[in-house]
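Observations on the model geometry
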Amino acid sequence: MLIGFDIGGTKIEVCVMDDAGKELKKRREPTQRNYSGFIEQISAMVAECDQEFGRIEKIGMGLPGAISPATGLVKNANSTFLNNNDLKHDLEVKLNRQVNIANDANCFALSEAVDGAGKDGQLVFGVIVGTGCGGGFVFNKQVIVGPNALCGEWGHNPLPSYNSEIDGPDRECYCGRKNCIETFISGTGFGVTGEQLFGKPIATKDIIEKYRKGDELAKKAYQTLVDQMARCLASIVNILDPDAIVLGGGLSNVDELYQDLPKAMEPYIFSDSVQLNVLKAEYGDSSGIRGAAWLCSDEVK
Ligand SMILES: [Zn+2]
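Residues numbered from 1 in each chain as written. Predicted model: local features only at pLDDT ≥ 70, side-chain atom pairs only at ≥ 80, totals over all residues. Heavy atoms only, no water.

Another point: unusual backbone geometry. Outside of glycine, negative phi angles account for most residues, and trans bonds account for most peptide bonds. Its identity is not glycine, yet Asn96 carries a phi of approximately 55 degrees, on the positive side. In this fold, Asn96 is placed in the loop between helix H2 (87–95) and strand E7 (98–103). The residue Asn179 is not glycine, and still its phi comes out positive at about 55 degrees. (Helix = DSSP H or I, 4+ residues; strand = E, 2+ residues; numbered from the N terminus.)

With that settled, the discussion passes to the sheet that holds strand E3 (residues 23–30). Reading across from one edge, E3-E2-E1-E4-E7 is the order of the five strands in this open sheet, with mixed pairing throughout. The open sheet has two edge strands, E3 and E7, and neither has a second partner. With strand direction ignored, the average angle separating the axes of adjacent strands in the sheet is 20 degrees. This element, H2, spans strand E4 (58–63) and E7 of the sheet and lies at about 150 degrees to E7. Of the strands in this sheet, strand E1 (2–7), strand E2 (11–17), E3 and E4 are in contact with helix H9 (residues 287–294), which crosses E1 at around 135 degrees. (Pairing = 2+ DSSP bridges. Axes fitted to C-alpha atoms, helices over the stretch in contact; angles between N-to-C directions. Contact = heavy atoms within 4.5 Å.)

Before going further, it helps to spend a moment on the nonpolar core. Within the largest apolar cluster, 41 residues are counted, with the highest numbers of intra-cluster contacts made by Trp154, Ile185, Leu261 and Met265. Of all the secondary structure elements, the ones that give two or more residues to this core are strand E8 (123–129), strand E9 (133–139), helix H4 (182–185), helix H5 (187–198), helix H6 (204–212), helix H7 (216–240), strand E11 (244–248) and helix H8 (257–265). Here this core takes 12 residues from H7, the largest share from any one element. Setting aside chain neighbours within four positions, we find Ile185 in contact with Val129, Cys133, Trp154, Leu225, Gln228, Met229, Cys232 and Leu251. In this structure, Ile42, Ile56, Leu91 and Val99 belong to the second largest nonpolar core, which totals 26 residues. (Core = buried A, V, L, I, M, F, W, Y, C linked by side-chain atoms within 4.5 Å. Buried < 20%, exposed > 50% of the residue type's maximum accessible area, 1.4 Å probe, protein only.)

Viewed as axis vectors pointing N to C, H6 and H7 meet at an angle of 115 degrees, and their least axial separation amounts to 8 Å. Between H6 and H7, the angle falls in the class roughly perpendicular. Judged by the sense of rotation from one axis to the other, the crossing of H6 with H7 is left-handed. Where H6 abuts H7, its residues Ile207, Ile208, Lys210 and Tyr211 lie against Ala218, Lys219, Ala221 and Tyr222. (Parallel < 35°, antiparallel > 145°, perpendicular 65-115°, else oblique. Left-handed = near helix turned anticlockwise from the far one by under 90°.)

What follows concerns the confidence of the model for the protein. Taken residue by residue, the protein gives an average pLDDT of 93. The fraction at 70 or more is 98%. Taken element by element, the predicted model of the protein shows its lowest mean pLDDT in strand E5 (residues 66–67) (90) and its highest in strand E12 (residues 278–280) (98). (pLDDT = per-residue confidence, 0-100.)

In this structure, His156 (ND1), Cys173 (SG), Cys175 (SG) and Cys180 (SG) serve as the protein donors to the zinc ion, at separations of 2.0 to 2.3 Å. Of note is the zinc ion, whose four donor atoms meet at the metal with angles of 105 to 120 degrees in an arrangement that counts as tetrahedral. Spacing between the donor residues of the zinc ion along their common chain follows H-x16-C-x1-C-x4-C. With a gap of 24 residues between them, His156 in the loop between strand E10 (142–143) and H4 and Cys180 in the loop between E10 and H4 connect regions that are remote in the sequence. (Donors = N, O, S within 2.8 Å, 3.2 Å for Na, K, Ca; no water. Tetrahedral: all angles 85-135°; square planar, octahedral: opposite > 155°, others 65-115°.)

Before going further, it helps to examine the pattern of salt bridges. One pass over the structure, following the stated rule, counts 17 salt bridges. Across the pair Glu52 and Lys25 runs a salt bridge whose closest N-O atoms are separated by 2.8 Å. Placement of Glu52 in helix H1 (residues 35–53) and of Lys25 in strand E3 is noted, with a sequence separation of 27 residues between them. Via salt bridges that share partners, Lys25, Arg27, Glu29, Glu48 and Glu52 belong to a single interconnected network. (Salt bridge = Lys/Arg side-chain N within 4 Å of Asp/Glu carboxyl O.)

For E11, the buried fraction is high: five of the five residues fall into the buried class. Sheet topology note: the E8/E11 ladder contains five bridges and is parallel. Bridge pairing links Val124 to Ala244 in E11. The pairing of E11 with E12 spans three bridges and is classified as parallel. Paired with Val246 across the strands is Leu279, a residue of E12. Read as a crossover between parallel neighbours, the route from E11 over H8 to E12 is right-handed. (Right-handed = clockwise from strand over helix to strand, strands pointing away.)

Residue position: Ala102 is located in strand E7. Residues Ala102 and Gly291, 189 residues apart in the sequence, show an inter-C-alpha distance of 9.1 Å. Look past the residues within four positions of Ala102 in its chain and what remains in contact with it is Met61, Gly62, Leu63, Cys107 and Leu295.

Take Lys210: it is sitting in helix H6. Those residues in contact with Lys210 that sit more than four places away from it in its chain are Phe198, Ile202, Asp215 and Ala218.

Next up, the structure:
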């Protein structure tokens, strides 16, 4: 039996799966937004699962942040009450069992690599293009973390071949840098592109709807997004040449991308012939929590 937690700023979700990946229980509740309350909350949710399924020995957890290899403390979590705490230690003491914690983008990538869209690949790049733009690499069903817990964090690289995109101004990123990938190819970034073109705020789903009806401005917004994504993903292919690139998050629901992206990537790839697998996440919004549960599997880690 596996148990995974997906920690969000507003909600915590717990999922119990069997070893074959069958979901046996799934429940969410609002996040207690203070640290001691949060530890108590996780403890109560684990106790509930124990009662239902018997004691589950390991707990997996996906966080919108990372554990700093230097200090062991949580860093970069948007649920800021978690930052600078030794969460793994505190939970292991409280729960009296092993707790495996990973970044939520890494959990997403793991889920899709283990039994999702990338299950046939050896090296899988999982990308979340939602509010932000995260990513994670999985090799032979193991998450690659890296000495700085940064592996796959491509969202804060500068956009490749940046050339005043559609003549807009530099985009300031919350990280303090300018023109980060995340400021263009996330749902948020695509919204900014739409706003520049339409001259007023516009929801990303409305841009896509207009594009499908043949609207010229929406077509330009969409083609800009495709070309930006193509440049970003091609730079990954030129370095690591993954077997599969799996997209998750809001923008991954734009089905046209899976045909248009590989074509748009080709000119940026250093090869005369390329085989590109850009795939839609099989488990959608459930991938984060499934990956967290897989962190507890002896075969997967
Ligand atoms: Zn940034």
